[in-house]
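Below are the chains, spelled out letter by letter.
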Amino acid sequence: MRAALTRVMTEHRALCNAPVPDVTAISRSRWLISNASRQRAAWSMKTASPLAERLAHTPGGAAWLALQADMPAYRQRISGFVSRWPTEAIVKDWSSYRHDSAALRFEITQWLRLEEIAIRALVAALEAEAASPSERIAGQA
């Protein structure tokens, strides 16, 4: 899923390097970015977050949960960007759209970096738990 989001951001960057907007391609690219972000959020809520809740007492679980607490603001930023830049506005002010798009792509890249750090910490907590089954059994008693 990370690769899909990175790929569509790269495609969007290439589209923004054009001297004039290809409105159809830009619209599709924006939808793909939003969709990839939604899929990542759904995976997070379905897979990683329950695991992090179980491991909330560990640095890895706490790191993931803290990052996920910021997820609504991150998703709102993407939705707000799309709402702020309807097709007509993109055509009318291509230069500003390209500038704002670069800032959004940077923000998404920052999020992905933080997410990767948190998921690595979560995996480390899971591996540590798996390595010490006696501690897990003792905690259940």
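Calculation notes
Residues numbered from 1 in each chain as written. Predicted model: local features only at pLDDT ≥ 70, side-chain atom pairs only at ≥ 80, totals over all residues. Heavy atoms only, no water. Core = buried A, V, L, I, M, F, W, Y, C linked by side-chain atoms within 4.5 Å. Buried < 20%, exposed > 50% of the residue type's maximum accessible area, 1.4 Å probe, protein only. Helix = DSSP H or I, 4+ residues; strand = E, 2+ residues; numbered from the N terminus. Contact = heavy atoms within 4.5 Å. Phe/Tyr/Trp six-rings, centres within 6.5 Å; stacked < 30°, edge-to-face > 60°. Salt bridge = Lys/Arg side-chain N within 4 Å of Asp/Glu carboxyl O. pLDDT = per-residue confidence, 0-100.

### Considerations on the nonpolar core
Buried together is how nonpolar side chains tend to be arranged in soluble globular proteins.
Part 1 of the argument: One finds L5, W64, Y74, Y97 and I108 to be the most contacted residues of the largest nonpolar core, which totals 29 residues.
Part 2 of the argument: Of all the secondary structure elements, the ones that give two or more residues to this core are α1 (2-16), α2 (23-54), α3 (59-69), α4 (71-84) and α6 (94-131).
Part 3 of the argument: The element contributing the most residues to this core is α6, with nine residues.
Part 4 of the argument: If we skip the residues at most four places from it in the chain, L5 touches I33, A36, S37, R40, Y74, I108 and L112.

### A closer look at the packing of aromatic side chains
Part 1 of the argument: Counted by the stated rule, this structure contains five aromatic pairs.
Part 2 of the argument: Ring centres 6.4 Å apart and planes at 90° place the aromatic pair W43 and W64 in the edge-to-face group. Of this pair, W43 sits in helix α2 while W64 sits in helix α3, and the two are 21 residues apart along the sequence.
Part 3 of the argument: For W43, a relative accessible area of 32% gives the class partly exposed.
Part 4 of the argument: Residue W64 is classed as buried on the basis of its relative accessible area of 0%.
Part 5 of the argument: Relative to Y97, the ring of F81 has its centre 5.6 Å away and its plane inclined at 35°; by these criteria the two rings are tilted. Taken together, the positions of F81 in helix α4 and Y97 in helix α6 put the pair 16 residues apart, joining distant regions of the chain.
Part 6 of the argument: With relative accessibility at 0%, the residue Y97 sits in the buried group.
Part 7 of the argument: In textbook terms, an aromatic cluster arises when at least three aromatic residues are bridged by ring pairs, as seen for F81, W85, W94 and Y97.

### Considering the pattern of salt bridges
Part 1 of the argument: Here the structure, examined in full by the defined rule, presents five salt bridges.
Part 2 of the argument: One salt bridge in this structure joins E115 and R40, with 1.7 Å as the shortest N-O distance. With E115 in helix α6 and R40 in helix α2, this residue pair connects regions lying 75 residues apart in the sequence. Each member of the pair, E115 as well as R40, is classed as buried.
Part 3 of the argument: Of the charged contacts, one joins R120 and E116 as a salt bridge, the two residues approaching to 2.7 Å between their closest N and O atoms. Taken together, the residues R120 and E116, both in helix α6 and four residues apart, mark about one turn of the helix.

### Structural notes on the confidence of the model for the chain
Low pLDDT marks regions whose predicted coordinates should not be analysed in detail.
Part 1 of the argument: Per-residue confidence for the chain averages 89 on the pLDDT scale, and 94% of its residues sit at or above 70.
Part 2 of the argument: In the model of the chain, helix α7 (residues 133-140) stands out as the element of lowest mean pLDDT, 58, in contrast to helix α5 (residues 87-92), which has the highest, 95.

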